[in-house]
Amino acid sequence: MREHGCRAMKISEKLLAVLCSATGILLLLFLWQLASETMSGLVIASPEDTFQAFGKILTRTDFLSSHFCISMQRIFFGVTLGAAAGFVLGILAGVSRPFRLMLEPFRWVLMSVPAVIVIMVSMLWFGMGSIMVVFITSVLLSPIIYVSTIEGMSSVDPDLLEMAAIYRFSLWIKIRDIYLMSIAAPLASGVAIVVGNGVRVVILSEVLGANEGIGYVLSSARTNLDIPDLYALVLLSLLIVGITDFFLLKPAQRRLMRWRVRSDD
Amino acid sequence: MIEFDRVTKKYKDLTVLDDVSFSISRGEVVGMSGQSGVGKSTILKLIAGILQPSSGRVRIQASRLGYVFQESRLISWKTALGNVTLPLRARGICPYEASATGRRLMDWLGLHGFEDTFPARLSGGMQQRVALARALAIKPDLLLMDEPFNGLDPHLKDNIFNLLEKKIEKDLTTVLYVSHYLEELSRLASRTIHFKGGKLT
Ligand SMILES: Nc1ncnc2c1ncn2[C@@H]1O[C@H](COP(=O)(O)OP(=O)(O)O)[C@@H](O)[C@H]1O
Ligand SMILES: [Mg+2]
């Protein structure tokens, strides 16, 4: 009986959450519509035009098979390489203080320098194309993962390490059962940020210097003043971030954080 | 089993143990009392070998050490059973055997049905019993307990003591039990050490 009541409350809570989000989306669409009506269509495409253009772009023969595909590959490799580099360096820096101090200036430079400068320099080094885009993406993203890995390493509970020492846990058990999960929480939020930024950086570098990819299509839409196309591509990049977050990152995070009391499963 | 020979322990300028000597023989159950901050935990850590004396010698003969901390010190992302079996796994015992031992101990401590529960969803008393099960899982020949059941309700405490008493007697475990409740100490221990101002009395 009581359990039933609990479940019913959980469902109504979830329903409320969905309703709130839906209201937000409707409000956004409404304001968008309003803005497109008051401004000329040359500046803001209406939602309707945007959705039409969206459908058209997706059915264009070359788009999905080439531009979309190439951008997705660049995002994947850029994010993976950047995250892997940040993670490995973060572990090492977490273990060795001298190493961390040595890396600090590099981290600071990478996190402070405007992205556009990194893009321009890499275009000089690598020319236009995938290597340039992947390089920029991983270089700009690695510090984020690096920082959250270090944060995780330093948040390892010393009491747990003491317990591990008393029970003679091997280094392997300590890493697997204590360190990795202590890193997982900050790392998970780092990864979410990195995926979102990955899409942004890839598209930005494609706009500035590539002859393929979503960013390239975006930049030609701008040149041709094809406003609905422009908006449709923005919508597409939003969807990429949203879909990976909702179907990949959130479930992984939920699974990883099962042990927390307030994880509503 | 345990021998402290003129042990002094300093943390920087703070002398916590001042020329302390005592010994505990195999199979003895000893209680230790003393006000908080006097250095009881320090003694246990010296015995466990995670602290080294500033001078003097600590000699320990124990191959399997069980330790119950003041806080439960469970790994939050491992289930209750996962926590109990980890010391066994660390000693190379196969998962099947480890989990059988763990389940048996949890049943015995009244934790049946909570094997797959994460610590955060257990009450404080249950968490401490899980920690006790973890300490007993390796069949310790030396069991150190650092004010393990503070703040538990008296009825539950009584229960745990009954179980523990039998177990200790059966396995001939050497026990050093720290608490500032004297009645608790006299219940379990055959001898109590009182600790004051860096000295034993
Ligand atoms: N790692 C440490 N560094 C410095 N001082 C410590 C440390 N651990 C304990 N102390 C100090 O040593 C004294 C004894 O601590 P402890 O052994 O924990 O006492 P008890 O367990 O009897 O309460 C306390 O004053 C405490 O502040
Ligand atoms: Mg203490």
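Residues numbered from 1 in each chain as written. Chains lettered and ligands numbered in written order. Predicted model: local features only at pLDDT ≥ 70, side-chain atom pairs only at ≥ 80, totals over all residues. Heavy atoms only, no water.

Looking now at the pairing of strand S2 (residues 14-24) of chain B. Bridge count for strand S1 (residues 2-11) of chain B against S2 of chain B is 7 bridges, and the pairing is antiparallel. Each bridged residue has a counterpart across the sheet, and for lysine 10 of chain B the counterpart in S2 of chain B is threonine 15 of chain B. (Pairing = 2+ DSSP bridges. Helix = DSSP H or I, 4+ residues; strand = E, 2+ residues; numbered from the N terminus.)

Glancing now at the site of ligand 1. All names here are of chain B. Residues in contact with ligand 1, as listed here, are Tyr11, Leu14, Val16, Gln35, Ser36, Gly37, Val38, Gly39, Lys40, Ser41 and Thr42. Note that an oxygen atom of ligand 1 is positioned 3.3 Å from one of the backbone N or O atoms of valine 38. Here serine 41 contributes a side-chain N or O atom positioned 2.6 Å from an oxygen atom of ligand 1. Calculation on ligand 1 without its partners gives an accessible area of 560 Å², and the protein chains cover 59% of this total. Elements with a contribution of two residues or more to the shell around ligand 1: S2 and helix H1 (40-48). For the shell around ligand 1, the class distribution of residues is 4 nonpolar, 6 polar and 1 charged. (Near = heavy atom within 4 Å. Polar contact = N/O pair within 3.5 Å; in protein donor to acceptor, adjacent residues only side chain to side chain. Areas by Shrake-Rupley, 256 points an atom, 1.4 Å probe, with all protein chains shown as cover. Nonpolar A, V, L, I, M, F, W, Y, C, P; charged D, E, K, R; others polar.)

Another aspect to go through is the nonpolar core. Residues and elements named next belong to chain B. Counting 80 residues, the largest nonpolar core has Phe4, Leu17, Ile47, Leu132, Leu144 and Met145 as its most contacted members. Counting residues per element, this core draws most heavily on helix H4 (residues 124-137), at 8 residues. Isoleucine 47 has contacts with Ile2, Phe4, Ile60, Leu142, Leu144 and Leu176, leaving out every residue within four places of it along the chain. (Core = buried A, V, L, I, M, F, W, Y, C linked by side-chain atoms within 4.5 Å. Buried < 20%, exposed > 50% of the residue type's maximum accessible area, 1.4 Å probe, protein only. Contact = heavy atoms within 4.5 Å.)

Residues and elements named next belong to chain A. Put simply, helix H5 (residues 115-126) and helix H8 (residues 171-209) touch, their axes get as near as 11 Å, and they point 55° apart. Put simply, H5 runs oblique to H8. As for the relative orientation of H5 and H8, their crossing is right-handed in sense. Here H5 contributes Ala115, Ile119 and Met123 to the contact with H8, which in turn contributes Leu204, Ser205, Leu208 and Gly209. Here the contact of H5 with H8 is composed, by residue class, of 5 nonpolar, 2 polar and no charged. (Axes fitted to C-alpha atoms, helices over the stretch in contact; angles between N-to-C directions. Parallel < 35°, antiparallel > 145°, perpendicular 65-115°, else oblique. Left-handed = near helix turned anticlockwise from the far one by under 90°.)

Our focus in this paragraph is the layout of surface pockets. Residue and element names in this part refer to chain A. The volume enclosed by the largest pocket comes to roughly 520 Å³. What lines the largest pocket is simply Ser21, Ile25, Leu28, Leu29, Trp32, Phe51, Tyr231, Val234, Leu235 and Leu238. At 5 residues, helix H1 (residues 2-38) tops the list of elements feeding residues into the lining of the largest pocket. Partitioning the lining of the largest pocket into residue classes produces 9 nonpolar, 1 polar and no charged. (1 Å grid on protein atoms, 1.4 Å probe; cavity = no way out; pocket = protein on both sides within 12 Å on 5 of 7 lines; lining within 4 Å. Points joined across faces, edges and corners; volume = space filled by probe spheres on them.)

Glancing now at the packing of aromatic side chains. Within the structure shown, the criterion is met by 14 aromatic pairs over all chains. Ring geometry for phenylalanine 246 of chain A versus phenylalanine 247 of chain A: centroids 5.1 Å apart, planes at 80°, classification edge-to-face. For phenylalanine 246 of chain A, a relative accessible area of 56% gives the class exposed. When the ring of tyrosine 67 of chain B is compared with that of phenylalanine 69 of chain B, the centres are 4.5 Å apart and the planes differ by 20°; the resulting orientation is stacked. (Phe/Tyr/Trp six-rings, centres within 6.5 Å; stacked < 30°, edge-to-face > 60°.)

All names here are of chain B. Over its 18 residues, helix H5 (residues 154-171) extends 25 Å from the first C-alpha to the last, a length consistent with the 26 Å expected when each residue adds 1.5 Å. What H5 keeps buried is the set Leu156, Lys157, Ile160, Phe161, Leu164, Lys167 and Ile168. Down the axis of H5, the sector holding all buried residues measures 135°, keeping them to one side. Of the exposed residues in H5, those oriented more than 90 degrees away from the buried face are His155, Lys166, Glu169 and Lys170. In this structure, the buried side of H5 is in contact with strand S3 (29-33), helix H3 (95-108), H4, strand S6 (142-146), strand S7 (174-178) and helix H6 (182-188). (Expected span 1.5 Å × (residues − 1). Arc of directions from axis to C-beta.)

In this section: empty space enclosed by the protein. Residues and elements named next belong to chain B. According to the stated counting rule, one finds 1 cavity of 30 Å³ or more in the structure shown. Here the largest cavity is characterised by a volume of approximately 40 Å³. Taken together, Leu136, Lys139, Pro140, Leu143, Lys167, Ile168, Asp171 and Thr173 make up the full set of residues lining the largest cavity. With 3 residues, the single largest contributor to the lining of the largest cavity is H5. Looking at the lining of the largest cavity residue by residue, the class counts come to 4 nonpolar, 1 polar and 3 charged.

What follows concerns the domain arrangement of chain A. Residue and element names in this part refer to chain A. Along its sequence, chain A is organised into domain 1 (1-38) and domain 2 (43-264). Spacing between the C-alpha centres of domain 1 and domain 2 amounts to 28 Å. Facing 6 residues of domain 1, the contacting portion of domain 2 comprises 8 residues. Roughly 560 Å² of surface becomes buried between domain 1 and domain 2 when both sides are summed, with 78% attributable to carbon and sulfur atoms. Taken as a group, Trp32, Gln33 and Ser36 account for 70% of the area that domain 1 buries against domain 2, more than any other trio of residues on that side. Our enumeration of links across domain 1 and domain 2 arrives at 0 salt bridges. Here the residues of the side of domain 1 that touches domain 2 sort into 3 nonpolar, 2 polar and 1 charged. (Domains from an automatic or database assignment. Buried area = accessible area lost by both parts, 1.4 Å probe. Salt bridge = Lys/Arg side-chain N within 4 Å of Asp/Glu carboxyl O.)

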